[in-house]
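# Structure assessment
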Amino acid sequence: MEELKIGVFICNCGSNIAHHVDVDAVREAVEAMPGIAIARSYKYMCSNPGQEMIARDIREHQLNRVVVAACSPRMHEKTFRNACRNGGLNPYLCEMANIREQCSWVHSDQLAATEKAKALTNAAINRVRYHEPLESLTAEMCPATLVIGGGIAGLTAALELADAAHQVYLVERTATLGGNLARVDLTAPHLDSARDLLTERITRVRANSRITLMLNSELQSLAGYVGNYAAIIRTKNGSGEVQERKVDVGNVVVATGYQEFDAGRITHYGHGKLPNVVTSFEFEQMLRKGRIETRHGKLPQYAAIIHCVGSRNKEFHPYCSRVCCMTALKYAHELKSANPACYVSDIYVDMHAFGKGHEDFYKTTSEVKTLFLMFEKNERPVVRKAGPNDDCEMLIEVNETLSRERIEIPADLIILMVGMEARADSGEVARLVNISQDQEGWFMESHPKLDPVATTTDGIYIAGTCAAPKDIPDTVAQARAAAARILGKIAKGKIEIDGVFAEVNEDRCSGCRMCNELCPYSAIEFNDQTRRSHVIPAACKACGACVAACPSGAIKGRHFTVEQLHAQIDGVLA
Amino acid sequence: MAIRVNPKLIDELETYGAADVQNCYHCGNCSATCPFSKEPFVIPRRSMRNLQMGLEEKLKGTFEPWLCYYCGECSQQCPRGAEPGETMMSLRRWLTSRYDLTGISRLFYRSWKAELAALILVSLVTMVAFLVMGFSLGHGSLGVYAGAGALFPDHLVHILDLALAGLLAAVLLTNAIRMWWLTTGRNRNLHISLWSYVKNVFLLPYHFLFQARYSQCEKKLPWLTHLAIFLSWVTMEVLVILLLERFHSPETVWAAHVFGYLATIGLLGGTIYAMVGRVRKRETHYKHTHPTDWMFLILIAGAAFTGIVQHASYRWLGLDSVANIAYLIHMMFVVPLLAVQIPFSKLSHLAYRPLAMYLATVHTDALASQQAGAAQTEPVRLAA
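Just so it is clear, the model here is predicted, and its values are computed rather than measured.

Tallied over the entire structure, the rule returns 25 aromatic pairs over all chains. Residues phenylalanine 261 of chain A and phenylalanine 316 of chain A carry aromatic rings whose centres are separated by 5.2 Å and whose planes lie at 70 degrees to one another, so their mutual orientation is edge-to-face. With phenylalanine 261 of chain A in the loop between strand S15 (258-260) and strand S16 (277-279) and phenylalanine 316 of chain A in the loop between strand S17 (302-309) and helix H9 (324-338), the pair connects residues that are 55 residues apart, well separated along the chain. Judged by relative accessible area, which is 14%, phenylalanine 316 of chain A ranks as buried. Ring geometry for phenylalanine 130 of chain B and tyrosine 327 of chain B: centres 6.4 Å apart, planes at 70 degrees, overall edge-to-face.

Here it is in structure tokens:
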């Protein structure tokens, strides 16, 4: 083994670290340790001069290990690995000691904090002695993409990719394209037709030779890793026969959409019992037929719209479904334009008019004399049949917030604004493509703000209402963003795989397959011929679950070896 | 018990001048800016809400619109252009029609043609009555204005004056009692002591004569204009009803006439100011004009103008016949103004406003003592 020449770089982080940790005392403590070629402290190690200092010291002092005692590796590990690479050192020969988040920020006693910083730095020095140079791997990127779902999100993503001259497989479970949007008449707030929005997309998708459209089809299985997925698609043809087809794709866009809340779950509203209580989708059907009427074929004199059916309620779904408020306003407009003598009551909890043009739409809905009545979030209006002397079919009783009166509202037709919920089979889809769901069943983003289209599995993207309730513009934007992310990867041609992953020593593997089941990323494959497991580096996230579980000790976590971890523990306890 | 919403009421109020009430989304800016909005009277927001929801009984039972003098601040502050000030104005018209049991007021407010027809009819009846009185009963001569042989002898006119005043007072009193019943009398939850009614009674003449609350609005000019017109009108009524003989005597009685001149200036000046304002529409409270507002202003201006002609031709020019004709036309303005507008239209507010101020104080007292009583009977909470 070559002689170790370790450089230790201790960051002040302005006063973030230096205020509670005596940085110079830490430097003095490590300076004298064996193998330390140089120890420095500096105001901002992550700054350009700081990084240049590390690179220069590596060259001048022929350093072969680097320890940076600074902030969390989540913040700057990439920065310092890069500085090492610039100095001619393999980036994996660098180790960080977190003396900010785990030390100076959480302690007020300067002496104790300094001691802890010494221990953490010592642990990093101990560990780095056992580091090995690692190389990142590359894999081919298959330029074809699988899009699951033929709604507005799936159609948009497919077109975006195919327009850039790449193959797309568009899989749709039903026999028609358009998804939930195809059930809608006009869209808010501009009252343009949903059919017009869809027809253009569907015509282009059908005409595009690069899009292989697979209707009546479902994803059966997905194997492989980013750039190299193999998907098996089951298609039912007209005579009920099932065909299976394997397609190779590099990336997947999941755009499976939502399902509507079942209004019958709220018994107070009488959906399914009272004939003139309809859901928003049932009302859309009326609108598409061009006749707004009660079950008895009469024009409604009083129409009432109830918001937040199944949404924003602790009993059902706590979240806002985002599109219902504007859709309700659209209904008020459509009711008034069909029959100006109709009195429309809009019974809402809060009016969420957040989008572009929505506030104006809210105002114009007031101007056509819609009566807005407010109720409290966790209360609920009660619908009952009107008596023989009333001039209406039904009465809605509710505590009205703005007037603080208990009121009853006449209604001949009641429209329930049913919210969106995750599809009943979303769990199955999540399992197939190996992505996570939140507690409501929505697919989870890699980062809710900074990475809202990627998931925790490389190469799997989500778009539209399968991730959370969204309106059309947001859905289209997300679909296009997912396509753009995939196009970027395809343009690169190859994918780079981090050098940190698990490796199976096939000589020691007993083929028990325990790790196959355990891996949360489906990154371990079993080779039926050799009867041994092996790790797909591109899919492995280096979580270490298999390393710990392997009864034969056959799996090694690269960069997290037993020696490294033991040395680190020894160092912190020393 | 739930109250039934009536979305149709808002349509009915439109005929009384309400506009854009539905635009209100209850941000509360209007009540925040109103100098008079203070619990228990939330002006104008509560009335806006009750009107939107069509809670007719609640609206009938509130005198909140009468506590507003339409300075226009609320309408200026409204982000939705819902015109709360004008809504209060139209609610006052609607309430007037609710207090009037005959239904005539409702007819007049909803149809300006009906009110105009009534004004013309009363005007013509007045003309016929005066001509019959002058030529047939009194055997007077057109050339004689005052004294023996006068066409319209003082004592006869005086009797007519008193009869009309008595009739109008009776009608107005009936309406005022109805207002009391709707807002106060029928409310069983409110316990008002007789003493409270008695000790606050001074508020009636106080607000009647000075419109003291109007003076608390931020802008003072509208109050001064209103006060000028009102005091001039009251002065004229006193002079004409109580001192007619002295006022009509051939020699000028300065002690009475000085007031007459001042009142004439006040009436004419105030009316012209209001008319110009309503034409120019620069100030918020002049932006919307109901037909009854024009009729009112034109009648006052006409009465003042013909009064001047009559006075000038008799006293300064000695043209008795011209004075008699001017007087006849003068009465053709005055009688419809009083007989139509006091019981059934705009002028009735001279009774309802002071009564509302009085009742507001009485209500506030009663609520305060009820709350104090409730606080006393509530069990004492021990510190945890």
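So, on to the sheet that holds strand S13 (residues 242-249) of chain A. Within a beta sheet, neighbouring strands are joined by backbone hydrogen bonds and run either parallel or antiparallel to one another. Residues and elements named next belong to chain A. Taken in spatial order, the three strands line up as S11-S12-S13 in an open sheet, and their pairing is antiparallel. Because the sheet does not close on itself, it has two edges, and the strands there are strand S11 (217-225) and S13. Strand-to-strand twist of the sheet, defined as the mean angle between neighbouring strand axes without regard to direction, takes the value 20 degrees. The sheet contact formed by strand S12 (residues 228-236) and S13 spans eight bridges and is antiparallel. Of the residues in S13, the one forming a bridge with alanine 230 is aspartate 248.

Right, let's talk about unusual backbone geometry for a bit. The residue after glutamate 39 of chain B, namely proline 40 of chain B, is reached through a cis peptide bond having omega 5 degrees. Summarising the element assignment, proline 40 of chain B is placed in the loop between helix H2 (29-33) and helix H3 (45-53). Each neighbour pair has its own omega, and for isoleucine 43 of chain B with proline 44 of chain B the value is -10 degrees, a cis peptide bond. One non-glycine residue, histidine 559 of chain A, lies in the positive phi region at around 75 degrees. With respect to the helices, strands and loops of the structure, histidine 559 of chain A is situated in the loop between strand S30 (555-557) and helix H15 (562-573). Overall, histidine 559 of chain A belongs to the buried group, its relative accessible area being 6%. You will see that glutamine 211 of chain B, though not glycine, has its phi angle at about 45 degrees, which is positive. Residue placement: glutamine 211 of chain B occurs in the loop between helix H11 (203-210) and helix H12 (221-242). Look at glutamine 211 of chain B and you get buried, because its relative accessible area is 3%.

Turning our attention to the interface of chain A and chain B. In this complex, chain A contributes 26 residues to the contact, which on the side of chain B involves 21 residues. Summed over both partners, the interface of chain A with chain B comes to about 2,200 Å²; 53% of that surface belongs to carbon and sulfur atoms. For the chain A face of the interface with chain B, the top three residues by lost area are Tyr343, Lys369 and Glu408 of chain A, together amounting to 27%. For the pair chain A and chain B, the number of links is seven salt bridges. Between glutamate 14 of chain B and lysine 369 of chain A there is a salt bridge; the shortest N-O distance is 2.8 Å. Put simply, chain A and chain B have 13 residue pairs in polar contact (both at pLDDT 80 or more) between them. Of all the elements in the fold, those that place two or more residues in the side of chain A that touches chain B are helix H10 (358-367), strand S19 (370-374), strand S21 (394-400) and strand S22 (405-411) of chain A. Residue contributions to the side of chain A that touches chain B peak at six residues, all from S22 of chain A.

Rules used in this analysis
- Residues numbered from 1 in each chain as written.
- Chains lettered and ligands numbered in written order.
- Predicted model: local features only at pLDDT ≥ 70, side-chain atom pairs only at ≥ 80, totals over all residues.
- Heavy atoms only, no water.
- Phe/Tyr/Trp six-rings, centres within 6.5 Å; stacked < 30°, edge-to-face > 60°.
- Helix = DSSP H or I, 4+ residues; strand = E, 2+ residues; numbered from the N terminus.
- Buried < 20%, exposed > 50% of the residue type's maximum accessible area, 1.4 Å probe, protein only.
- Pairing = 2+ DSSP bridges.
- Axes fitted to C-alpha atoms, helices over the stretch in contact; angles between N-to-C directions.
- Contact = heavy atoms within 4.5 Å.
- Buried area = accessible area lost by both parts, 1.4 Å probe.
- Salt bridge = Lys/Arg side-chain N within 4 Å of Asp/Glu carboxyl O.
- Polar contact = N/O pair within 3.5 Å; in protein donor to acceptor, adjacent residues only side chain to side chain.

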